[in-house]
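Observations on the three-dimensional arrangement
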Amino acid sequence: MARRQGMKLLVVGPSWVGDMVMAQALFIDIQKRHPDAVIDVLAPGWSLPIIARMPQVRRGIAAPWGHGKLNLKGQWQLARTLKQEGYDKALVLPRSFKSALIPFMAGIPERVGFSGEGRSFMLSDARKRRPTRSGNVITDKTVWRYMAMGVSKADYQRYQFEVPSPALTIDKDNLKAVMAKLALPLDRPAIALCPGAEYGPSKQWPLESHRALAARLVAKGYQVWVMGGPKDVDAGQVISDGQAFVFNLCGKTRLEDTVDLFAHCQQVVSHDSGLMHVAAAAGAPVVAIYGSTSPDFTPPLTGKATIVRHPIECSPCFERTCRFGHYRCLTEIGVEQVLETLA
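Source: prediction; values computed, not measured. (Residues numbered from 1 in each chain as written. Predicted model: local features only at pLDDT ≥ 70, side-chain atom pairs only at ≥ 80, totals over all residues. Heavy atoms only, no water.)

1. Remarks on the overall build of the protein chain
Looking only at helices and strands, one finds 13 helices and 14 strands in the protein chain. Relative to the 2.2 N^0.38 estimate, which gives 20 Å for 343 residues, the radius of gyration of the protein chain is 21 Å and therefore close to what a compact globule would have. Each of the three principal axes of the protein chain carries a C-alpha extent, and together these read 65 × 50 × 35 Å. In the protein chain, buried positions account for 53% of the 343 residues. For the protein chain, long-range pairs separated by at least 24 residues make up 60% of all intrachain contacts whose partners lie at least 6 apart in sequence. The centroid of the 42 positive side-chain charges in the protein chain is displaced by 6 Å from the centroid of its 30 negative side-chain charges. (Helix = DSSP H or I, 4+ residues; strand = E, 2+ residues; numbered from the N terminus. Rg over C-alpha atoms; globule rule 2.2 N^0.38 Å. Buried < 20%, exposed > 50% of the residue type's maximum accessible area, 1.4 Å probe, protein only. Contact = heavy atoms within 4.5 Å. Lys, Arg positive; Asp, Glu negative; His and termini not counted. Charge placed at Lys NZ, Arg CZ, Asp CG, Glu CD.)

2. Considerations on the sheet that holds strand β6 (residues 125–127)
Sheet architecture is open: 6 strands sit in the order β3-β2-β1-β4-β5-β6, paired in parallel fashion. The two strands at the open ends of the sheet, each matched to only one other strand, are β3 (59–62) and β6. Averaged over neighbouring strand pairs, the angle between their axes works out to 20° when direction is ignored. Strands in contact with helix α1 (residues 17–33) are β1 (8–12), β2 (38–43) and β4 (89–92); relative to β2, the strand with the most contacts, it is inclined by about 160°. (Pairing = 2+ DSSP bridges. Axes fitted to C-alpha atoms, helices over the stretch in contact; angles between N-to-C directions.)

3. Some points on the packing of helix α8 (residues 207–219) against helix α9 (residues 233–240)
Look at α8 against α9: their axes get within 8 Å of each other, and the N-to-C directions meet at 45°. In terms of axis orientation, α8 runs oblique to α9. The two elements α8 and α9 meet at a crossing, and its hand is right-handed. Contacts from L207, H210, R211 and A214 of α8 reach α9 at A235, V238, I239 and S240. The residue inventory of the contact of α8 with α9, partitioned by class, reads 5 nonpolar, 2 polar and 1 charged. (Parallel < 35°, antiparallel > 145°, perpendicular 65-115°, else oblique. Left-handed = near helix turned anticlockwise from the far one by under 90°. Nonpolar A, V, L, I, M, F, W, Y, C, P; charged D, E, K, R; others polar.)

4. A look at the nonpolar core
For soluble globular proteins, the rule of thumb is that nonpolar side chains tend to be buried together. In this structure, F27, I50, W225, M227, L261 and F262 are the most contacted members of the largest nonpolar core, which totals 61 residues. If one sorts the elements of this core by residue count, α1 sits on top with 8 residues. Not counting chain neighbours up to four residues away, the residues in contact with M227 comprise A192, L193, C194, P195, L249, C250, T258, L261, F262 and L275. Formed by 25 residues, the second largest nonpolar core is a distinct cluster that contains V226, V246, I333 and V338. (Core = buried A, V, L, I, M, F, W, Y, C linked by side-chain atoms within 4.5 Å.)

5. Brief notes about α1
The first and last C-alpha atoms of α1 sit 25 Å apart over 17 residues, in line with the 24 Å expected at 1.5 Å per residue. With respect to burial, α1 is a largely interior element, 12 of its 17 residues being buried. Every buried residue belonging to α1 is among G18, D19, M20, V21, M22, A23, Q24, A25, L26, F27, D29 and I30, and all of these are buried. Residues of α1 that are buried make contact with β1, β2, α2 (48–51), β4, α5 (142–148) and α11 (274–281). (Expected span 1.5 Å × (residues − 1).)

Following this line, the structure appears as structure tokens:
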């Protein structure tokens, strides 16, 4: 019987779109360090189409838990199946209790993750997460923490890594089909606007500013695609209503479709959101608008990004809503300021 070459890894992936994209930097780094490594990713079902666009990953496995649900029976059943895979190591990226259960129940010999939520007994290598900021000074990046899971404890102490840019595979045939289905013009260059932010309004540039920016872009000869999920449909309607060549695509595309549409765009304007990271990994030049958060913590991982900020005395506050109710870090970013970055 031939001996299997290369270590076999199970990575328990994060639950947010942007975090899953950033996790690809870890997969790229592992493949660089261990070219024969086999990487499988256990993650929420919604993320499987994104994982399928990561050439470093052999397969994505749908996690049996939902938001706020443990589902012990489902986890035990999946753990029994995964035990037969013979994984050498598990990297548990989230810090939740439930995310460490399956590697533990599957008997994977090495299980690396951060301590917390009383789960350290399930990890063979429980690491202490370093502080992410001191006051308002950022001392860490999310992607560093993910990449740190792929190295030894000794290397982990170095903590800062050369971060590779995530790069999702583009399906040109799917792009063509999606553009035809949505009746998008082929003769106008496209710029995408992403008005949503799952985290909260403290990340969101005003809708009236998006609408004004869209009008200016159309006047310059562009078509504008307003991109987002079902929750962003109303916002997309505010931006697009009555404007020629401004298309509200919110809720009309699958996550994998957005990858291909972003790859077609001249530029993408987004908040610090999951779609910002998807656009960056699709190869699009990104204009990233930051309000309550900081690009020192969750930057777009691309060399083709322009950051737009209006720092004030209380930012970055990392709050979901503005404690003072003024949102000045966002409202004082002018349309002209963003337009200049798109010139």
